[in-house]
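# Topology and contacts: notes
The residues making up each chain are set out below.
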Amino acid sequence: MTQGLKNQQRLSPFSCLGIGVLLLLACLFASLAYGAKNIPLSNIFTAFTTFDDSYDHLIILTMRLPRSLIAIMVGASLAVAGGLMQGLTRNPLASPGILGINAGAALAVVIVVFGLNSSSLPLHALVAFVGAAIAAATVYLLGSRSAGGPTPLNLTIAGAAVSAMLASLTTGTMIVSQRTLEEVRFWLAGSLAGRDINLFLTVLPFMVVGLVSAFALGQQINTLSLGEDVAVGLGQKTGFVKIATALTVVILAGSSVALAGPIGFIGLMIPHVTRFIVGLDYRWVLPISAVLGATLLLLADLASRWILRPQELPVGIMTALLGGPFFLYLIRWRIKR
Amino acid sequence: MKSWQYLQFWQLPLSWRKPHGRLSQVMLFLTLLTLVVTIAALTYGDYPVSWLDVVKSLLMLPTVDPESPWVVHTLRLPRVLLGWLVGIALGVSGTILQGLTRNSLADPGIVGVNAGAGLAAVSLIILFPNAQLALPLAAFGGGLGVAVLLYLLAGTQGNSPLRLILTGVALSAITSAFTTLLLTFGRINQVTQALVWLVGSVSGKSWEHVWPLLPWIVVLIPLAMLRSRSLNALQLGSDVARGLGSRVERERSGLLLMSVALASAAVATAGTIGFVGLISPHVGRRLVSSDHESLIPVAALIGGLLVICSDLIGRSVFSPTEIPCGIMTAVLGAPYFLFLLHWSQKK
């Protein structure tokens, strides 16, 4: 994967992290200030220091701040989960979706809407998480039961097969029942609109645990990405590392999909972008991915609120539209002919 | 004289010159299975036709029921044939792409064909509901357009297929974002129609849909088989391939073009049927070997078989409601493939 990357243009990882955090803060301010109603920067500061019950302050503290925090956590979780998957499977096409997480969550939500005729966001969240976990467990079991155990190849193709099957069932249900389609299609595109702060606070501990354990796994992923045999030779308990990684991915991506619906592109793109910038050391790739993922989702969410205001676009669309061209540019610049 | 203008015996693919061994057993078995499923598909339907009549009308013999030949030839045969050809095209396209990128997750979607065709078709269905006739052409154009854009952006030079893969993923993501936008805000009836197109279906196809697809298959599949050796070489990495005397850049562009053309033709006729291109090469590799000389024909037969099986089952389980065969390909194919994945260790 390193072929053709230019070494001399890399910044030191620490300064990358610093720049990333500054960028994230700037985007956070923008996200608080702009939207259906634009709020001057001075009012943002006073909302935190001297809160009066003015309309602007209420908007910031009850609507925009929670939403921005959700965007930050979801973006970070997705990017880190994607980085872990790419490290685990050593496949540049891997993303959290490869474990069947998005497909499982989508199918679970579609089934519940189709069968129970009810749709509320907290219910969607719970169901999505359960569906994601079941799908991922199935993929892992199937992958590890095949010839050679849980090798990267077995996991990826078992995951691709299971995901395709679940996605087909989802589409099938939506074709049969137009009511389900009508209710689920906005959720399926991925959105942060109207997420409840209490729901976020319930999911938050999971995400924090997931992020911490991911950062702790960085060194192990470095070893594992040298190849299974080398890792075993270096004394790594590869089975344990793989299961821990898979569990972390499920926690991170599962809670993301529960909060925001299936958002696809971040988990695939951000780890690549990070590797373009800082190289292959996962101890740095994972934290910087987290910061960059958070920044991208925050920006995408801002754009999705801002472009057609007061209408909203699904944020899943904006991540691809904002991130895609940037990614294309980076690929041209970083992967030399 | 250029090298492609004459052929030596040893240049022919293994599957053409070696009529024994495991490969021919597998090929024979797959062909027989395809024939059985075809006859079953021609027999089953609203109008009852006995299987004997089906065989007779295929052989142009007089049948017991005088209506049978018409039902078989006009209503059912084109649909089965079309499904088979689409499956072949997707299977071979996927095999080439997986060999070319050396990535087991590659499929026709990776070169942006599906996303481009999807966007073109969905825009047409949702924004111009009255222009359905232009659907195949629009889909073909959309698929080819994104693939050409990919080629311009990524090129085929260099040592690493990574650039091609990642550019394809980014382009597909951008294109599908627009599709999702249309699906999220379009009118619900048209969205359902668009979804049916997106999963892919061979329902209601007649001879006029088969003829435009046929030349692509007839020309490109043998061509792909003739290039299977250079695919084998490319699989060892560009440096080794170059060392073995392969003109890497040209071979890569040629193979990429073939797979894009096959996938676009298939997608334009039947919509973006997924999973066939991904899974046929994997199944083929487990049945024969990863040698592309034998893998390409086997993957082609598997792709064709998967699509006609899916279509047959899709229209029979919940009849009279038809499940689009693009849904059944994954629902049927995935368990079978997972079973194969599990079983191959027991050997």
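Cut-off values and rules
Residues numbered from 1 in each chain as written. Chains lettered and ligands numbered in written order. Predicted model: local features only at pLDDT ≥ 70, side-chain atom pairs only at ≥ 80, totals over all residues. Helix = DSSP H or I, 4+ residues; strand = E, 2+ residues; numbered from the N terminus. Rg over C-alpha atoms; globule rule 2.2 N^0.38 Å. Buried ≥ 20, exposed ≤ 12 C-beta atoms within 10 Å, placed from the backbone. Contact = placed C-beta atoms within 7 Å. Expected span 1.5 Å × (residues − 1). Nonpolar A, V, L, I, M, F, W, Y, C, P; charged D, E, K, R; others polar. pLDDT = per-residue confidence, 0-100. Core = buried A, V, L, I, M, F, W, Y, C linked by C-beta atoms within 7 Å. Axes fitted to C-alpha atoms, helices over the stretch in contact; angles between N-to-C directions. Parallel < 35°, antiparallel > 145°, perpendicular 65-115°, else oblique. Left-handed = near helix turned anticlockwise from the far one by under 90°.

### Things to note about the overall build of chain B
Scanning chain B from N- to C-terminus turns up 15 helices and 0 strands. Over its C-alpha trace chain B gives a radius of gyration of 20 Å, about what one expects of a compact globule, namely 20 Å for 347 residues. Each principal axis of the C-alpha distribution contributes one length, and for chain B these read about 65 × 55 × 45 Å. Here chain B holds 347 residues, and 55% of them are scored as buried.

### Remarks on the overall build of chain A
The secondary structure content of chain A amounts to 13 helices and 0 strands. Over its C-alpha trace chain A gives a radius of gyration of 20 Å, about what one expects of a compact globule, namely 20 Å for 337 residues. With the C-alpha coordinates aligned to their principal axes, the bounding extent of chain A is approximately 65 × 55 × 35 Å. Relative to its 337 residues, chain A shows a buried fraction of 54%. Across chain A, the fraction of contacts at a sequence separation of at least 24, relative to all contacts at a separation of at least 6, is 75%.

### A look at helix α5 (residues 113–127) of chain B
Residue and element names in this part refer to chain B. With 15 residues, α5 ought to run about 21 Å at 1.5 Å a step, and its terminal C-alpha atoms sit 21 Å apart, in line with that. With 12 of its 15 residues buried, α5 lies for the most part within the structure. Listed as buried for α5 are Val113, Asn114, Ala115, Gly116, Ala117, Gly118, Leu119, Ala120, Ala121, Val122, Leu124 and Ile125. Packing partners of the buried residues in α5 comprise α6 (135–154), α7 (162–185), α8 (188–199) and α12 (248–270).

### Some points on the interface of chain B and chain A
Counting residues at the interface gives 45 residues for chain B, matched by 48 residues for chain A. Breaking the side of chain B that touches chain A down by element, the ones donating at least two residues are α7, α8, α13 (276–287) and α15 (325–343) of chain B. Ranked by residues supplied to the side of chain B that touches chain A, first place goes to α7(B) with 14 residues. Among the residues making up the side of chain B that touches chain A, the classes are represented as 28 nonpolar, 16 polar and 1 charged.

### Quick word on the environment of A:Tyr34
All names here are of chain A. In this fold, Tyr34 is placed in the loop between α1 (13–33) and α2 (41–49). The partly exposed category is assigned to Tyr34, around which 16 C-beta atoms lie within 10 Å. It is 9.4 Å that separates the C-alpha atoms of Tyr34 and Ala303, two residues lying 269 residues apart in sequence. Excluding residues that lie within four positions of it along the chain, Tyr34 makes contacts with Leu302 and Trp306.

### Points about the confidence of the model for chain A
Residue and element names in this part refer to chain A. Of the residues in chain A, 96% reach a pLDDT of 70 or more, and the chain-wide mean stands at 85. Considering each helix and strand of chain A separately, the mean pLDDT is smallest for α2, with a value of 80, and largest for helix α12 (residues 282–306), with 92. Here residues 1–8 is modelled with pLDDT under 50, and outside its nearest four sequence neighbours on either side it reaches 11 contacts, counting other chains as well.

### Comments concerning the nonpolar core
If you look at the biggest cluster of nonpolar residues, it comprises 226 residues, and the most contacted ones within it are A:Val109, A:Ala161 and B:Ala89. The biggest single contributor to this core is helix α4 (residues 68–101) of chain B, with 16 residues. In this structure A:Ala161 touches B:Ile279, B:Ala334, B:Phe337 and B:Leu338, once residues within four positions along its chain are discounted.

### Some thoughts on α8(B)
For α8(B), which comprises 12 residues, the first-to-last C-alpha distance of 17 Å matches the rise-based estimate of 16 Å (1.5 Å per residue) to within 8%. Those residues of α8(B) that fall on the buried side of the exposure criterion are B:Val191, B:Thr192, B:Ala194, B:Leu195, B:Trp197, B:Leu198 and B:Val199. Turning to α8(B), the residues buried within the fold contact α6 (152–176) and α7 (178–188) of chain A together with α5, α7 and α15 of chain B. Count one or two residues on from α8(B) and you reach B:Gly200, which has phi positive near 95 degrees.

### A closer look at unusual backbone geometry
With a phi close to 55 degrees, A:Arg90 is a non-glycine residue in the positive phi region. When you line up the elements, A:Arg90 lands in the loop between α3 (55–89) and α4 (101–116). Although it is not a glycine, B:Arg102 adopts a positive phi angle of roughly 50 degrees. In this fold, B:Arg102 is placed in the loop between α4 and α5.

### Describing the environment of B:Ser93
Residues and elements named next belong to chain B. With respect to the helices and strands, the residue Ser93 is situated in helix α4. Accessibility expressed as a C-beta count within 10 Å gives 33 for Ser93, which makes it buried. Along the chain, Ser93 and Arg76 lie 17 residues apart, while their C-alpha atoms are 26 Å from each other.

### With respect to the packing of α7(A) against α8(B)
The N-to-C vectors of α7(A) and α8(B) enclose an angle of 95 degrees; their axes lie 10 Å apart at closest approach. Here α7(A) lies roughly perpendicular to α8(B), going by the angle between them. Between α7(A), through A:Gln178, A:Leu181 and A:Glu182, and α8(B), the contact on the second element is made entirely by B:Ile188, B:Val191 and B:Thr192. Residue composition of the contact of α7(A) with α8(B), grouped by class: 3 nonpolar, 2 polar and 1 charged.

### Thoughts on the packing of α3(A) against helix α11 (residues 265–278) of chain A
Residue and element names in this part refer to chain A. Close contact between α3 and α11 brings their axes to 7 Å; oriented N to C, the two are set at 65 degrees. One way to sum up the angle between α3 and α11 is to call them roughly perpendicular. Where α3 crosses over α11, the two elements pack in a sense that is right-handed. Between α3 and α11, the residues in contact are Gly75, Leu78, Ala79, Ala81, Gly82, Gly83 and Gln86 and Ile266, Gly267, Leu268, Ile270 and Pro271, respectively. Residue classes in the contact of α3 with α11 are distributed as 7 nonpolar, 5 polar and no charged.

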